[in-house]
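So the chains spell out like this:
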Amino acid sequence: MTTPPETSPPAPSGSDAPAPPPEAVTQGAVLSERTYDRILEPRSERRLPLGDGTWYQLARAYVRVQLISQGAVFVLVAAAALVAQLLTGVMWQWIPAGVILLVTAIGLIITPRQARSVGYQLRDDDLVFRRGILWQRVVAVPYGRMQLVDITHGPLDRGFGIAQLKLVTAAASTGVTIPGLTQEAAEHLRDTLVAVAETRRTGL
């Protein structure tokens, strides 16, 4: 049975442990480039544990893209409400606008911490994805159940060199979308997952 390339970093100099193959070092470097280096976890002792293995995170540029997008929404909504007030002299439009502005402001505040709670891990038989601070989600996607690996990115994403990777399985509830990967990491991860999935195909 074929297994995916190991993702652990090379052993320290002087260690008795065997050094990982060159492709493992390359994969780790590609997936870790321009990303955060530590997953933020809830402070509660009852949080879902990370477990062993190497966890990879989102690109730092993902937070900048989200802040720009949400900031643009905030400015546009505020400007539209202000223009409507100046043209009509009424104030009721500030009720829906205020709700949108409040939700957007909360998003601007929590986005950096929320992005740092997202991580994924490549194990022997599946990909594990986790996210969330208040509401945690951890899902394992078996390689043999993957039916489609899709990469998408918009104009702003391309400007910052990031992309979104979507894993589609037979069961919609086990599908996973990993946002904010670097373009290189998304392409490398897609090729790796497709190659491994072909060797683990269950026929479902």
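Attention here is on the structure that accompanies the text. Sequence order sets the numbering: in each chain, residues are counted from 1 along the sequence as written. Thresholds applied to this predicted model are a pLDDT of at least 70 for local features of residues and 80 or more for the giving and counting of side-chain atom pairs; totals over whole chains, interfaces and linings are not thresholded and use all residues. The side-chain numbers reported here are obtained from all heavy atoms of the structure, hydrogens and water having been left aside.

**Here we look at the overall build of the protein**
Inference 1: Helix and strand assignments follow DSSP, with helices taken as H or I runs no shorter than four residues and strands as E runs no shorter than two, numbered in order from the N terminus. Within the protein, the secondary structure is distributed over five helices and seven strands.
Inference 2: The secondary structure elements of the protein, listed N-terminal to C-terminal, are α-β-α-α-β-β-β-β-α-β-β-α.
Inference 3: Of all intrachain contacts in the protein linking residues separated by at least 6 positions in sequence, the fraction that spans at least 24 positions is 56%.
Inference 4: Just so you have it, the protein exposes about 11,800 Å², and 61% of that area is on carbon and sulfur atoms. Contacts: residue pairs with any heavy atoms within 4.5 Å of one another. The Shrake-Rupley method, run with a 1.4 Å probe sphere, supplies the accessible areas, and residue values consider only the shown protein chains as cover.

**Focus: unusual backbone geometry**
Inference 1: The phi dihedral of R34 is positive, around 60°, even though this residue is not glycine.
Inference 2: Its location among the elements puts R34 in the loop between α1 (22-32) and β1 (56-57).
Inference 3: Accessible area is worked out with a 1.4 Å probe on protein chains only. A residue is then buried under 20% of its type maximum, exposed over 50%, and partly exposed in between. For R34, a relative accessible area of 43% gives the class partly exposed.

**Considering helix α5 (residues 183-200)**
Inference 1: To estimate how far a helix should reach, multiply one less than its number of residues by 1.5 Å. Over its 18 residues, α5 extends 26 Å from the first C-alpha to the last, a length consistent with the 26 Å expected when each residue adds 1.5 Å.
Inference 2: Of all the positions in α5, only Q183, A185, A186, L189, T192, L193, V196, A197 and R200 are classed as buried.

**Considering the sheet that holds strand β2 (residues 119-122)**
Inference 1: If DSSP finds at least two bridges between two strands, the strands pair. On the basis of which strands lie adjacent, the open sheet formed by four strands has the order β1-β2-β3-β4 and antiparallel pairing. Single-partner strands in this sheet number two, and they are β1 and β4 (137-142).
Inference 2: When β1 meets β2, the two strands line up antiparallel, connected through two bridges. Of the residues in β2, the one forming a bridge with Y56 is Y120.

**Description of helix α3 (residues 94-115)**
Inference 1: Taking 1.5 Å of rise per residue, the 22 residues of α3 would be expected to cover 32 Å, and the 30 Å separating its terminal C-alpha atoms lies within 8% of that figure.
Inference 2: At any given residue, the bend is defined as the angle formed between two axes, one fitted to the seven residues that end at that position and one fitted to the seven that begin there. At I109, α3 is deflected by roughly 40°, the largest bend along its length, and proline P112 occurs up to four residues later in sequence.
Inference 3: Looking at α3, one finds that the buried residues are A97, L101, T104, G107, T111 and A115.
Inference 4: Buried residues belonging to α3 abut α2 (60-88).

**Some words on the nonpolar core**
Inference 1: To define a nonpolar core, start from buried Ala, Val, Leu, Ile, Met, Phe, Trp, Tyr and Cys residues and group those joined through side-chain atoms within 4.5 Å. Formed by 33 residues in total, the largest nonpolar core has its most connected members in Y120, L127, I178, L189 and L193.
Inference 2: Contributing elements (two or more residues each) for this core: α2, β2, β3 (126-131), β4, β5 (146-152), β6 (162-169), β7 (176-182) and α5.
Inference 3: Looking at which element gives the most residues to this core, the answer is α5, with six residues.
Inference 4: Setting aside residues up to four positions removed in sequence, L127 forms contacts with Y120, Q121, L122, V139, A140, V141, Y143, M146, L167, I178 and L193.

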